[in-house]
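Each chain, written out:
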Amino acid sequence: MVGSWGCWRGGGAPSARMCSNDSEEDMFGDYDSFYGNDSLMAQVDDIEHKYLQDKNMDVKTAGEIILGNLQSGVHQKEQDNFSASQNVVLLKSDQEGAFQVHDSDPADGNQKLTESALDDLPSSQLLYFEKMDELSASRTSALSKGRDECVNSFSDKIRDPLSFYAGAEHRNRPTDSSSHSKCILFKPESLKDHLKSAMTGNARAQTLQVSKTKQLKEAVLSEEIFVARKAIESSSLDIGPFYGLPSKVKDLFRQLRGIETLYEWQHDCLMLESLQQRKNLIYSLPTSGGKTLVAEIIILQELLCRQKDVLMILPYVAIVQEKVRGLSSFGVELGFLVEEYAGSKGRFPPIRRRVKKSLYIATIEKGHALVNSLIETERIDDLGLVVVDELHMLGAGSRGAVLEITLAKLLYTSKKTQIIGMSATLNNVGDLQKFLQAKYYTNNFRPVELKEYIKIRDTIYAVDSKTQNGFAFSRVLNFKYSSNLEKADPDHIIALVTEVIPKYSCLVFCPTKKNCENVASMVCKYLKKEFRVHKEKEKEDLIKNLKSIGNGTVCPVLKQTIPFGIAYHHSGLTNDERKSIEEAYSAGVLCVLACTATLAAGVNLPARRVILRAPYVGNDFLKKNQYKQMAGRAGRAGIDSAGESILIVQEKDKHLVQDLVHSPLENCYSNLLQELTKGIQSLLLSLVGLKIAVTHEEVDNFMCCTLLGVQQQLLSKEKSLTEIVKDGLENLIEKGLLKGRISEKDHNSKSTLTITPLGKATYKGSIDLAYCNILYRDLKKGLEGLVLESNLHLLYLSTPYDMTSTCSPDWMIYLRQFNQLSAAEQKVADIVGVPESFITKKASGQAIRKNMDDAVVNRFYLTFVLYALLKETNIWSVSEKFNLSRGYVQNLLSSAASFASCLLHFCEELEEFWVYKALLIELTKQLTYCVKTELIPLMEVAGVLEARAKQLYNAGYKTLAHLANANPETLVRMIEHLSRRQAKQIISSAKMLLSEKAEALQEEVEELVKVPTDIPGTH
């Protein structure tokens, strides 16, 4: 077991007599004791005298006896343990003279490190013994030599506790140079005189401004990181204090997450030989099994021990933001950066840090762009580890295709980057193992037992594969239904819910958003009045909070349901509303959430009971992995002894449900071909653009390394993979994105492909290939007469193309909005191709003879929504004005911010669009935050949304620095509805962001003052 360096345990500081004279003699006078023990110097004299008498005595042994006696002198008074987070090292003089490492007693865990910890043994005294060791080095055995290095290392740490890894630059610390010259053992000076001289040096030494507690903690942490790194570099299975990490990491998990110990499977997984050998790994466990903790420990090993950057890919923006908040505290404490890559956030390529390492937390799309930028700048080997959560997303449409492309590029371009994938729902693991060249670990562990049931009419059956039809009778519902209630609630949801609430929590998964709201309303309508009493004040506070979020407006459904502890949760809520409802549910203020399936795949909100309202998501029958994710939310570790899921089934769906609950999970198939423009064509374009593969033969070789390549036997027999690649390359040449010729003869290696400027702009901007040509035309047309009186024209260019198909304009609203435009703004409508006459005819119901492009008309309508949003910065009022749901408006805003960011990168690659660059930088910021300018610095902090930013600003926290230096207790006192945990997370996130910005500026300064290596005439 690799030990952790601690410090000598000792008593209080010496109460040396004060004296005005600085001379050595007067400074100590006849005061010969460390802790008032007058016999100690006499003991030293005796030991030295005895040593000089016995000439045959080994010098090393004498030193050890002296060391042992000195230690006993130091320890005669009180014995202080310090900080349970570090292990304490005791030096003992035993028969073999070896170091002994002892774990500190957990019972002493809460004792604080005393300021006198370093006073117990002054540095120049340790230096004396070090010099003795040097003298006797020639006479020692190999074992003794190893011990000497330990002593030297330890004394170095005490002399300079701020020193970091071996070879780090030491801080200047004044010492008495005489103590160096007087340390040689065979000088005539006595040991007693030497100790006096050494103490004089220590007394004269300049007092450090930094607290010694902090110095020592840093020294301990530094040494542990160094030891852990050495252990990992040597590929040894010998772990450090906490899986090769400093013991401080264990303390942080305890303090920040409440995690005392790991589950047995987590320990086994971390100890896998394949992980120690840095092989790729896929691991799979049921929902709530604790997969993320294992990933986080592996991430910290990479950042702290191997000193490499890490990329963590998560499926949704909300989860990225949650993870940034959660890991910022670790970054602040352990000295690494946490960078958010989601929506419009993220820098390409990332800043190359000289000192601190970075943890990039990214969505699938941003993760891909980040990997592209690292390959292009030849920095892909800086990325030591990539962790993919929800690996089964490889089979999920266009997003799955992007994830596959990202992982294939990593595997092909870097042999040093380790890939870890995790999921709760994997079936065809063999294909994924082959694709990722990975080992596989699985376990059926769940911290809380899950009991699965189905309900048909008023009878509940347990899911039991041993029975003939797969279900075993469990019980009949015992709930008195009136005829009115039976009509209102034919599925007995009220009976199922009231069995667990308000003492326990319940999630009701519904097929549609409207169904969520209906179920929440119906349940509260028939609940008894006593349900209102449970946490009544907290519910009132929640309604007040939602009212302030909605600028005085609360959704009427929520206003009706929240007093009963019930709410709905779906994409129709704004981000602020969703966050408030999630927090209230986690705190037990709300006990029922009627939600859509997205909650199961998104934020972690477990419940005692999960009810699936119907085996459908929208109009589609439930898939096995969706069912498993929803049912898996049942049971909260540490709270419930068991969790239960109940699927409500109609008689007509009984056989389908039988197949559902007993069938295996769905296989994960490549989506590169199904998603042509975002899949294989996008991949081929970037392969040539990044020079990963520039001939047909090289592209073919690459394609064999994709999941599609692994599964190519599933392709139709009409076309081989080579033919599909050939068609894809020809299509890109036809679109003007690539240049070159595809030889008819197989693999003509001389036929090199190159990327065109438009092609480069397309892949660097992450633009969907379906829209790249039309985007180019729109931007080109804009240059002919860009209207800058307002940002309407620029907003039209930044409105996402892929949202136009879901838009159905209300023509009366369209006309009203058009009539409110200025003359110059109405000119924008003519330029983009939406004349006033067309809108007027549509609004009055007249027939239109001229064909209009629906995509352009719909896009301009969405531009009106964005225009109103930037003017009013109020999602509520805008959604009412356009008769759209709040969630849809919020989603439009987020998509526009992300697309504006892509558009900016697109324009940066094309010189003709230079004029757009500065305009788009500002517009992207406005769309990202959509608040008054003064709130933007606060909203840059992960987890601070508009409502919270307003609270903070009004309380006087107006800048990032204000937040980073805030006191959590003061923050909780001044800000309504803010828990201590949330306050600490906000402060940690602000510190992390401030640190990241400061580091970036420092890197810029160092780059500016760096002397070039290629100055003419210097060689």
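Bear in mind the structure is a predicted one, so any value in this text is a computation, not a measurement.

A. Local environment of the overall build of the protein chain. Counting its regular elements, the protein chain contains 44 helices and 21 strands. When the 1019 residues of the protein chain are sorted by exposure, 53% land in the buried category. Excluding contacts between residues fewer than 6 apart, the proportion of contacts in the protein chain whose partners are at least 24 apart in sequence is 72%. Carbon and sulfur atoms make up 50% of the accessible area of the protein chain, which amounts to about 46600 Å² in all.

B. Broad picture of helix 12 (residues 291-305). In this model, helix 12 (15 residues) spans 21 Å end to end at C-alpha, consistent with the 21 Å of a helix rising 1.5 Å per residue. Here helix 12 lies mainly inside the structure; 14 of its 15 residues are buried. Backbone geometry just downstream of helix 12 places Q307 in the positive-phi region, at approximately 55°.

C. Region of the structure containing the sheet that holds strand 3 (residues 280-284). With parallel pairing, seven strands are arranged side by side in an open sheet as 5-6-4-7-8-3-9. Here the strands that pair on one side only, and so sit at the sheet edges, are strand 5 (337-341) and strand 9 (438-442). Between one strand axis and the next, the sheet turns by 15° as a mean value, whatever way the strands run. Sheet analysis places strand 4 (residues 309-313) next to strand 7 (residues 383-389), joined by five bridges and oriented parallel. In the strand pairing of strand 7, L311 is matched with V386. Sheet strands in contact with helix 15 (residues 397-413) are strand 3, strand 4, strand 7 and strand 8 (418-423), and its direction is about 155° off that of strand 7.

D. The arrangement of the side chain of E452 in detail. Relative to the elements of secondary structure, E452 occurs in strand 10 (residues 449-456). Here the side chain of E452 touches K628 through a polar contact of 3.3 Å, side chain to side chain. Setting aside anything within four residues of it in sequence, one finds E452 in contact with Y461, A462, V463, Y627, K628 and S645.

E. Just the nonpolar core, in detail. Counting 125 residues, the largest nonpolar core has L407, M703, F860, F906 and L927 as its most contacted members. Those residues within four positions of F860 in sequence are excluded, and the remaining contacts are L792, Y796, Y814, V828, A829, V832 and V834. Counting 75 residues, the second-largest nonpolar core is a separate cluster that includes V500, I566, Y585 and A634.

F. Inspection of the pairing of strand 3 at higher detail. For strand 3, a buried count of five out of five residues is recorded, marking the element as mostly surrounded by other parts of the structure. Here strand 3 shows a buried face lined by N280, I282 and S284 and a second buried face lined by L281 and Y283. Across five bridges, strand 3 lies against strand 9 in parallel orientation. In the sheet register, S284 faces strand 9, and the bridge partner there is T442. Two elements, strand 3 and strand 8, share four bridges in a ladder whose sense is parallel. Looking at the pairing, I282 lines up with G421 of strand 8.

G. Focus on the packing of helix 9 (residues 247-257) against helix 12. Running from N to C, helix 9 and helix 12 point in directions that differ by 140°, and their axes come no closer than 12 Å. With respect to helix 12, the axis of helix 9 lies oblique. Remark: the crossing between helix 9 and helix 12 carries right-handed chirality. Residues V249, F253 and R257 of helix 9 lie in contact with helix 12, whose contacting residues are L293, E296, I297, L300 and L304. Each residue belonging to the contact of helix 9 with helix 12 can be placed in one class, and the counts come to six nonpolar, no polar and two charged.

H. Fine view of the packing of aromatic side chains. Within this structure, the stated rule accounts for 23 aromatic pairs. Aromatic side chains F242 and F253 sit 6.2 Å apart centroid to centroid with 50° between the ring planes, which places their arrangement in the tilted category. Taken together, the residues F242 in the loop between helix 8 (212-233) and helix 9 and F253 in helix 9 connect sequence positions eleven residues apart. Ring geometry for W265 and Y441: centres 6.2 Å apart, planes at 20°, overall stacked. One end of the pair, W265, is in helix 10 (residues 264-270); the other, Y441, is in strand 9, with 176 residues separating them in the sequence. A single burial state applies to W265 and to Y441, both of which are buried.

About the criteria used
- Residues numbered from 1 in each chain as written.
- Predicted model: local features only at pLDDT ≥ 70, side-chain atom pairs only at ≥ 80, totals over all residues.
- Heavy atoms only, no water.
- Helix = DSSP H or I, 4+ residues; strand = E, 2+ residues; numbered from the N terminus.
- Buried < 20%, exposed > 50% of the residue type's maximum accessible area, 1.4 Å probe, protein only.
- Contact = heavy atoms within 4.5 Å.
- Areas by Shrake-Rupley, 256 points an atom, 1.4 Å probe, with all protein chains shown as cover.
- Expected span 1.5 Å × (residues − 1).
- Pairing = 2+ DSSP bridges.
- Axes fitted to C-alpha atoms, helices over the stretch in contact; angles between N-to-C directions.
- Polar contact = N/O pair within 3.5 Å; in protein donor to acceptor, adjacent residues only side chain to side chain.
- Core = buried A, V, L, I, M, F, W, Y, C linked by side-chain atoms within 4.5 Å.
- Parallel < 35°, antiparallel > 145°, perpendicular 65-115°, else oblique.
- Left-handed = near helix turned anticlockwise from the far one by under 90°.
- Nonpolar A, V, L, I, M, F, W, Y, C, P; charged D, E, K, R; others polar.
- Phe/Tyr/Trp six-rings, centres within 6.5 Å; stacked < 30°, edge-to-face > 60°.

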